[in-house]
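# Structural overview
Letter by letter, the chains look like this.
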Amino acid sequence: MDFIHSAGDEDSIFKIMIATDIHLGVNEKNGIIGNDSFVTFEEILKISRDQEVDFILLGGDLFHENIPSTQCLHKCLSLLRKYTMGDKPITVSFDSNPEENFKHCDHKVVNYLDPNLNISIPVYSIHGNHDDPAGFGRMSALDIVSTSGLINYFGKWTDLNNISLKPLLMSKGSSNLAIYGLSNIKDERLHRLFASKNVNFEATANHANRFNILVLHQNRADRGAKRYIPEDFIPDFFDFVFWGHEHECRIDPEPNMKKGFVVVQPGSSVATSLCDGESVEKYVGILKIQDKKFDLQKIKLQTVRPFVFETAKLADWNMKLPTNKMNEAVQDYVAKYIKNKMLSKVREQFTGHPDQPTLPLIRLRLEYTEDYEEFNTKRFSQSLSKYVANVDDAVLLKRDTSNIKRKRKGTEYFDLLDEMNSSTLQETNVEDITEKLLDESVGSKKSLSMLLTRTLTIGVKNFIEKGDKQALEDLVHHRISVVKAKLKEECVSEDKIKESISTTMETSMQSKQKIEDDAMEWLSSSHRSDRDMKTAIRGTIGMNDDSDDESSFGPLPSSSQIASPPAKGRGSRGGRGSRARGTTTTRARGRARGSAANTTANMSMNISRYARSIVDDIAPRSPHKKIKLTDNFVEDDSD
């Protein structure tokens, strides 16, 4: 790859701000750190204005939630309006067909060519895994901002079986640019689509003379089989790969010698979690492109809240403890370590920028071996309130079990969660936790035989991560409709219903990926409209379209009945253990466990209702046959 070494012809040099994972609205309800994402976003916009960039290119996760709060949306729109609108002339020519590039948008035009808008700095963005389309209508927060005319939202896929990417074509003087956008898709699915050659990059007529950029938002680090996108999947005609999603800042270009392109990973602009990768200094970049040459100027962000992360073992400290009050002495050692060592590193991160927060983020990950070394981290952290911003979780205790084998206590749920060690929690997704809990609690061969746990896990994921309250209910009804259609197609006789359902389920369970694809496609389809869903529900329970009754079995379970977590203890304040020393991780696990268990209970209560409807709809009972319904299946009893 050739680099620009001199200024050259300024009229032919693209000047692009690249940034990603801004996560507007993260922790916005926290009175101390809630405004951090907006402060840094404003800094990025100011740099773009001062550097007179041609446009801003974002790599996904502009928002932390796909349904951001009204306050978050208001701040975002206000900042974009302030810094991207104006009279500065734009010298970049947009050469591709906007009807194709923005076909998913209401206004199929690049915003600076809209005669009703006065744009001085165009912003182009794909969506990430946080602000992806979800829920009814499959809308993203970016769809809303795009409708306002302040962002050009591109790279939104419309077909999950065959991905076809058409580039944004631009020119400036003698330089030509093609930008391909690939918004976030579940890594396993995209991995499979790449492997089966169902991801197509529509090359331009003279792509060899264009500088080709790919913007994507996926796992880059290997997080297990098919849970990342290998660089080797990317075609070799690309010159520059802009990688979003990974939060660790690796903005220096990393050449892929086999493919010939370079990979740039700017990382997040704000810390969204207290992990080692987030504590790396944060940068954005000004990318200059002339013909097939480029140069990347990295710019350190000045308004980022200082963050120091360290891991230590108490056993390595060689503490001299008194024979009495050993626990208090341990806490004194920890406090001195934080104040003398970690806070001194904080001072090195102060930039002097007037908008930079002064209270730092601190995370000390401590491994202990003896019981007397364990202490209440929440109570301890309160003593640091004058020094740190995250007083609830400045210290994380983890028992070092390398040489100690403890006896497990508690229910099977806690045993199961213990197996998913907290150190790997970030690499464990909601589906895996839910499916494992469901399989352990109900048994894959004992119940939920018609619904399949894999279907429910997709619904739980969408409910927890995307706020899609209808997902579980819709998927249950859809799955039952699929079973009915299969039985009708095979013209199953009454005495063969049980056997046929069993065969259908066994076949389905052999292909978890196919079930997942079917569920995701259903959630992404237009069939989830109110009228279509009402018809589907009626058809599922054997109702007449003119009937107002829900069924003789009582009302169908609502999404809140299916998915809401169980009530907590007296006063809704949780158990004593949670208040005493429960961490954020522990509470998150508890919520996932409660949701999964509650889902299982509700599904078990209603399974006979669905079974009854299938029997009645497929093969009405004969007078010589009695159908007995159980919680698990349909059983026959001859007269």
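All values derive from a computational prediction rather than experimental measurement. (Residues numbered from 1 in each chain as written. Predicted model: local features only at pLDDT ≥ 70, side-chain atom pairs only at ≥ 80, totals over all residues. Heavy atoms only, no water.)

## Brief notes about the environment of F240
- Within the element layout of this structure, F240 appears in strand 12 (residues 240-244).
- Owing to a relative accessible area of 0%, F240 belongs among the buried residues under this scheme.
- When the C-alpha atoms of F240 and V263 are compared, they prove to be 6.1 Å apart, with 23 residues separating the residues in sequence.
- Those residues within four positions of F240 in sequence are excluded, and the remaining contacts are I18, F211, N212, I213, L214, F261, V262, V264, L287 and F294. (Helix = DSSP H or I, 4+ residues; strand = E, 2+ residues; numbered from the N terminus. Buried < 20%, exposed > 50% of the residue type's maximum accessible area, 1.4 Å probe, protein only. Contact = heavy atoms within 4.5 Å.)

## Thoughts on the sheet that holds strand 17 (residues 307-313)
- On the basis of which strands lie adjacent, the open sheet formed by 3 strands has the order 17-18-19 and parallel pairing. If you trace the sheet from one side to the other, it starts and ends with strand 17 and strand 19 (395-399), each paired once. Each strand of the sheet is rotated relative to its neighbour by a mean of 15 degrees, with strand direction disregarded.
- Both strand 17 and strand 18 (residues 361-368) contribute to a ladder of 7 bridges, which runs parallel. Paired with E310 across the two strands is L364, which belongs to strand 18. (Pairing = 2+ DSSP bridges. Axes fitted to C-alpha atoms, helices over the stretch in contact; angles between N-to-C directions.)

## Notes on the packing of aromatic side chains
- Tallied over the entire structure, the rule returns 16 aromatic pairs.
- An angle of 85 degrees between the planes, with centres 5.2 Å apart, marks the rings of Y180 and F238 as edge-to-face. Here F238 lies in the loop between strand 11 (211-217) and strand 12 and Y180 lies in strand 9 (residues 175-182), a separation of 58 residues in the sequence.
- Through successive ring pairs, a cluster of aromatic residues spans Y180, F194, F201, F233, F237 and F238.
- Seen from the ring of F38, K75 lies directly overhead, with NZ or CZ sitting 4.6 Å from the centre.
- When the ring centre of W243 is taken as origin, the NZ or CZ atom of R220, which lies over that ring, is 5.8 Å away. (Phe/Tyr/Trp six-rings, centres within 6.5 Å; stacked < 30°, edge-to-face > 60°. Lys NZ or Arg CZ within 6 Å of the ring centre and 35° of its normal.)

## Details of the UniProt feature "active site" (unreviewed entry) in the chain
- As recorded in UniProt, the sites labelled "active site" (unreviewed entry) are H130.
- Here H130 lies in the loop between strand 5 (123-125) and helix 4 (141-147).
- Among the polar contacts listed, one links the side chain of H130 to the backbone oxygen of H64, at a separation of 2.9 Å. (UniProt positions renumbered as here; feature names shortened; annotations may be inferred. Polar contact = N/O pair within 3.5 Å; in protein donor to acceptor, adjacent residues only side chain to side chain.)

## Here's the deal with the sheet that holds strand 9
- The strand order across the open sheet built from 7 strands is 4-8-9-11-12-14-13, with neighbouring strands paired in mixed fashion. With partners counted over all chains shown, the strands left at the sheet margins are strand 4 (93-94) and strand 13 (250-255), one partner each.

## With respect to the pattern of salt bridges
- Enumeration over the complete set of coordinates arrives at 21 salt bridges.
- Here the salt bridges do not stand alone but share partners, grouping R220, E231, R250 and E254 into one network. (Salt bridge = Lys/Arg side-chain N within 4 Å of Asp/Glu carboxyl O.)

## Topic: the environment of H23
- Tracing the backbone through its elements, the reader meets H23 in the loop between strand 2 (14-19) and helix 1 (36-50).
- Along the sequence, H23 and A271 sit 248 residues apart, while their C-alpha atoms lie 9.0 Å from each other.
- Every residue in contact with H23, bar those within four places of it in the chain, is listed here: S37, D61, L62, F63, H64, H130, H247, V270 and T272.

## What to know about the pairing of strand 19
- In terms of residue burial, strand 19 counts as a mostly covered element, since 4 of its 5 residues are buried.
- Across 5 bridges, the pairing between strand 18 and strand 19 is parallel. By the bridge assignment for strand 19, L364 is matched with V395.

## Regarding unusual backbone geometry
- Notably, H23 is not glycine yet its phi reads approximately 55 degrees, a positive angle.
- For H23, a relative accessible area of 0% corresponds to the buried category.
- In this structure, D291 takes a positive phi of about 55 degrees despite not being glycine.
- Judged by relative accessible area, D291 falls into the partly exposed class, the value being 34%.

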